[in-house]
Amino acid sequence: MSTGSAGQSKISILVAQKLRDVPDFPKPGVLFKDFTPLLADPHGLAAVVEDVRSRYAGRVDVVVGIEARGFILGAAAAHALGVGFVPVRKAGKLPGRTHRAEYTLEYGTAVLELHVDAFVTGHRVLIMDDVLATGGTAAATCDLVERAGGQVVALDFVLELGFLHGRDALPGREVHSILVD
Ligand code: AMP
C-alpha cells in the first residue's frame, strides 16, 4: 500500500511553512531542504510527532531512524509510540557486528549498517527519515531491516521529492510523506 501526502491538511501546511530551501548545498545544483526551522518550532516538532504517532500507534514494535536527521524524528516518534529506537548508520560507526548494504548515489556509492542483533525476529518496524529523494537510502534500509529479522511495516518521511520518484525504489511498501514537493 502506498499513501500520498496529507494534501492541504494543517500538518502539511505547517511543514511547508517551516522547511527552508537552501540552493547549491551541499554542492552546486542541489536544492537542499533544511528542516531545522521545523525542529526549532516547538509546535512544529510536536505536530509532526503526533501525526506519526496517530498513524502507527499499535502497529509497530520499533522505529528505525536513518543517519542523521532520521535519528531526531525517529527517536521522538519512538518515544511517543512507546517503542524502542534503532539507528541505521553510515559505515564504521556502529560498534557491534553489523549487516552492511551498499547502494548507488548520484555519484558513486554509499554504505549503511545495522546491528545484526537490533531486533527480535518478526519485530514490526517503522522506518523514518526527513526526505525521500531517489529512494536508494530507504531501499537499502529496508534490505538491512529484513536481513536483521525485522518486518517493515511502513516508511515515513516529512518530505518527498516527487519528481525523483523515490517510491519506485520501494515497490509494495507502505510509504507516507507529510508533504510531497
Ligand atoms: P535518496 O537516497 O536519494 O532518497 O536520498 C535520501 C537521503 O538524502 C535522506 O537521508 C535525505 O536526508 C537526503 N537528501 C536527499 N536529497 C535531499 C535534499 N534535496 N534536501 C535534503 N536532504 C536530502
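You'll find the structure just up there.
Residues numbered from 1 in each chain as written. Predicted model: local features only at pLDDT ≥ 70, side-chain atom pairs only at ≥ 80, totals over all residues. Heavy atoms only, no water.

(A) Representation of the overall build of the chain. Within the chain, the secondary structure is distributed over five helices and nine strands. A compact globule built from 181 residues would reach a C-alpha radius of gyration of about 16 Å, and the chain, at 15 Å, matches this within 12%. Judged by the C-alpha coordinates and their principal axes, the chain covers about 40 × 40 × 30 Å. Counting the 181 residues in the chain, one finds 45% classified as buried. Long-range pairs, those at least 24 residues apart, make up 59% of the contacts in the chain between residues at least 6 apart in sequence. Of the roughly 8700 Å² of accessible surface on the chain, a fraction of 55% belongs to carbon and sulfur atoms. Mean positive and mean negative side-chain charge positions of the chain (18 and 21 charges, respectively) differ by 3 Å. (Helix = DSSP H or I, 4+ residues; strand = E, 2+ residues; numbered from the N terminus. Rg over C-alpha atoms; globule rule 2.2 N^0.38 Å. Buried < 20%, exposed > 50% of the residue type's maximum accessible area, 1.4 Å probe, protein only. Contact = heavy atoms within 4.5 Å. Areas by Shrake-Rupley, 256 points an atom, 1.4 Å probe, with all protein chains shown as cover. Lys, Arg positive; Asp, Glu negative; His and termini not counted. Charge placed at Lys NZ, Arg CZ, Asp CG, Glu CD.)

(B) Structural context of the site of the ligand. Taken together, 13 residues are adjacent to the ligand, and R69, D129, D130, T134 and T137 come closest. In the model, an oxygen atom of the ligand is placed 2.7 Å from a nitrogen or oxygen of the R69 side chain. A distance of 2.6 Å separates an oxygen atom of the ligand from a polar side-chain atom of D130. Secondary structure elements with two or more residues in the shell around the ligand: β2 (31–34), β7 (124–132) and α5 (136–147). Residue classes in the shell around the ligand are distributed as five nonpolar, four polar and four charged. (Near = heavy atom within 4 Å. Polar contact = N/O pair within 3.5 Å; in protein donor to acceptor, adjacent residues only side chain to side chain. Nonpolar A, V, L, I, M, F, W, Y, C, P; charged D, E, K, R; others polar.)

(C) Examining the sheet that holds strand β4 (residues 84–90) more closely. Strand order in this open sheet of seven strands is β5-β6-β4-β3-β7-β8-β9, and the pairing throughout is mixed. One side of each edge strand has no neighbouring strand; the edge strands of this open sheet are β5 (98–104) and β9 (175–180). Along the sheet, successive strands turn relative to each other by an average axial angle of 20 degrees, direction set aside. Direction of pairing for strand β8 (residues 151–160) relative to β9: parallel, over a ladder of five bridges. Paired with D156 across the strands is H176, a residue of β9. The sheet strands contacting helix α1 (residues 10–18) are β8 and β9, and the helix crosses β9 at an angle near 60 degrees. (Pairing = 2+ DSSP bridges. Axes fitted to C-alpha atoms, helices over the stretch in contact; angles between N-to-C directions.)

(D) Looking closely at the nonpolar core. V15, V48 and L126 are the most contacted members of the largest nonpolar core, which has 26 residues in total. For this core, the secondary structure elements donating two or more residues are α1, α3 (42–56), α4 (69–81), β7, β8 and β9. The contact partners of L126, leaving out residues within four places of it in the chain, are V52, Y56, V60, V62, V63, V64, L81, A154, L155 and D156. One finds I127, A138, A140 and V152 within the second-largest nonpolar core, a separate group that totals 25 residues. (Core = buried A, V, L, I, M, F, W, Y, C linked by side-chain atoms within 4.5 Å.)

(E) Representation of the packing of aromatic side chains in the model. Counting across every chain of the model gives two aromatic pairs. Ring centres of F25 and F32 lie 5.2 Å apart, and the angle between their planes is 80 degrees; this geometry places the pair in the edge-to-face category. Accessibility expressed as a relative area gives 43% for F25, which makes it partly exposed. Ring geometry for F71 against F85: centres 6.1 Å apart, planes inclined by 85 degrees, an arrangement best described as edge-to-face. Here F85 lies in strand β4 and F71 lies in helix α4, a separation of 14 residues in the sequence. (Phe/Tyr/Trp six-rings, centres within 6.5 Å; stacked < 30°, edge-to-face > 60°.)

(F) Structural detail: the side chain of D129. Mapped onto the fold, D129 is located in strand β7. For the buried D129, which has no salt bridge, the nearest side chain bearing the opposite charge is R69, at an N-O separation of 5.7 Å. Only 3.5 Å separates the side chain of D129 from the backbone nitrogen of G70, close enough to count as a polar contact. (Salt bridge = Lys/Arg side-chain N within 4 Å of Asp/Glu carboxyl O.)

(G) Representation of the pairing of strand β6 (residues 109–115) in the model. Judged by how many residues are buried, β6 sits mostly within the fold: five of seven residues are covered. Alignment of β4 against β6, held across two bridges, turns out to be antiparallel. Across the sheet, K90 pairs through a bridge with L112, a residue of β6. With seven bridges joining them, β5 and β6 adopt antiparallel strand pairing. In the sheet register, H99 faces β6, and the bridge partner there is L114. Taking the residues that link successive antiparallel strands as the turn, the β5-β6 hairpin has four residues, and the phi of G108 there is positive, at about 85 degrees.

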